[in-house]
Amino acid sequence: MALKPQLPKSQLPASENSWMGVAVAAIVVTAVASAGGMGIGSTLVDQVHGKYLEEQKANSGALINPEYTESSQIVSLKPIVTNLLSSSKNWIRIEASVVLMQRGIEEQDHSLLVKQVEQDLLLYARTLGPRQLEGTRGLLRLRDDLNERAKMRGGKFVRELVLESVVIQ
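From a predicted model like this one, the values you see are computed outputs, not experimental measurements.

**Student:** Teacher, can you tell me more about the side chain of S97 here?
**Tutor:** Mapped onto the elements of the fold, S97 is located in strand β3 (residues 91-101). Reaching out from S97, the side chain makes a polar contact with the side chain of E164 at a distance of 2.2 Å. The residues touching S97, leaving out its near neighbours within four places in the chain, are I74, V75, S76, L77, E160, L161, V162 and E164.

Next comes the structure, spelled out in structure tokens:
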């Protein structure tokens, strides 16, 4: 087996020397392009976001959804804990709040409405099976169904039901 003589870098064949130059140039160009793109992109995002916030302030006077600011009250519901329909081994715990209108309903009626919503959510939770709650779609469907039931129970006084936590065991 004959050993190939080692040549100094300056005496490397032209094809190996040019290949290294192209690789270094490509790396440098890529680094400069990515840094420039990142800088320009972040600047554009900041400008657009700033303009959007200014428009929102000018249009509504605040950044918060005006539907929930003046005449709304958030009431926490008691945690709902029950077993799922098909199995006594599987349990669900739901913690939620209800956004209620303050105007047009008295404090005594608020508490009665909250109790009715809690009872309705408990009855609905008892009809759920484990397969209905699988995955992201199951959680979205649960949220939509609970929201719809709360709005049906509360009529025009319930604006939204907000899920705080859902635990399935």
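Anyway, onward from the coordinates.
**Student:** When you look at the pattern of salt bridges in this model, what are you seeing that I'm missing?
**Tutor:** As a working rule, side chains carrying opposite charge can pair if their charged atoms are close by. This structure, assessed with the given rule, holds six salt bridges. Among the ionic pairs, E95 bridges to R93, the shortest N-O distance being 2.7 Å. Judged by relative accessible area, R93 falls into the partly exposed class, the value being 33%. For D144, the salt bridge identified is with R143, shortest N-O distance 3.6 Å. Using a relative accessible area of 41% as the deciding quantity, one classes D144 as partly exposed. R143 sits in the partly exposed class, given a relative accessible area of 38%. Counted as one network, the salt bridges with shared partners bring together D120, R149 and R153.

**Student:** I'm lost on helix α3 (residues 135-154) in this one. Help?
**Tutor:** Because the α-helix completes a turn every 3.6 residues, residues three or four places apart line up on one side. The end-to-end C-alpha separation of α3 is 29 Å, in line with the 28 Å expected for 20 residues at 1.5 Å each. Turning to α3, its buried residues are G138, L142, L146, N147, A150 and G154. Projected onto a plane normal to the axis of α3, the buried residues spread over an arc of 165° and lie on a single side. Every exposed residue of α3 that faces more than 90 degrees away from the buried side is listed here: R137 and M152. G155 sits one or two positions beyond α3 and adopts a positive phi of about 65°.

**Student:** Even after reading the chapter, I still don't get the nonpolar core, so can you show me in this structure?
**Tutor:** Looking at soluble globular proteins, one finds that nonpolar side chains tend to be buried together. L77, V117 and L161 are the most contacted members of the largest nonpolar core, which has 23 residues in total. Among the secondary structure elements, those contributing two or more residues to this core are β3, α2 (107-125), α3 and β4 (158-168). At six residues, the largest contribution of residues to this core is made by α2. Leave out the neighbours within four places in its chain, and L77 touches A96, S97, V98, V114, V117, E118, L121 and L161.

**Student:** Where do I start with the environment of R93 in this structure?
**Tutor:** Structurally, R93 is set in strand β3. Between the C-alpha atoms of R93 and V167, which are 74 residues apart in sequence, the distance is 5.1 Å. A polar atom in the side chain of R93 sits 2.7 Å from the side chain of E95.

**Student:** Could you clarify how one ought to interpret the pairing of strand β2 (residues 80-83) in this entry?
**Tutor:** Regular strands place their side chains on alternate faces of the sheet. Covered by surrounding structure in β2 are I80 and T82 only, the residues V81 and N83 on the alternate face being uncovered. Here four bridges tie β2 to β3, and the two strands are oriented antiparallel to one another. Within β3, the position partnered with I80 by the bridge is I94.

The rules we used
Along every chain, residues carry numbers that run from 1 in the direction the sequence is written. Owing to the predicted nature of the model, reporting of local features is limited to residues with pLDDT of at least 70; listing and counting of side-chain atom pairs is limited to 80 or more, with chain, interface and lining totals taken over all residues. To obtain the side-chain values, all non-hydrogen atoms of the structure were used and water was disregarded. Strands here are runs of E lasting at least two residues and helices are runs of H or I lasting at least four, both read from the DSSP assignment and numbered beginning at the N terminus. Definition of a polar contact: a pair of N or O atoms within 3.5 Å, with one able to donate and the other able to accept a hydrogen when the atoms are protein atoms, and with sequence-neighbouring residues admitted only if both atoms are side-chain atoms. Contact criterion: two residues are considered in contact whenever any of their non-hydrogen atoms come within 4.5 Å of each other. Every case where a carboxyl oxygen of Asp or Glu lies within 4 Å of a side-chain nitrogen of Lys or Arg is listed as a salt bridge. Residue burial is assigned from relative accessible area. The probe radius is 1.4 Å, only protein chains are included, and a residue is buried under 20% of its type maximum, exposed over 50%, and partly exposed in between. How far a helix is expected to stretch is found by multiplying one less than its residue total by 1.5 Å. By construction, the arc corresponds to the directions joining the helix axis to the C-beta atoms. As used in this record, nonpolar core signifies buried Ala, Val, Leu, Ile, Met, Phe, Trp, Tyr and Cys residues forming a set joined through side-chain atoms within 4.5 Å. Two strands form a pair only when DSSP identifies at least two bridges running between them.

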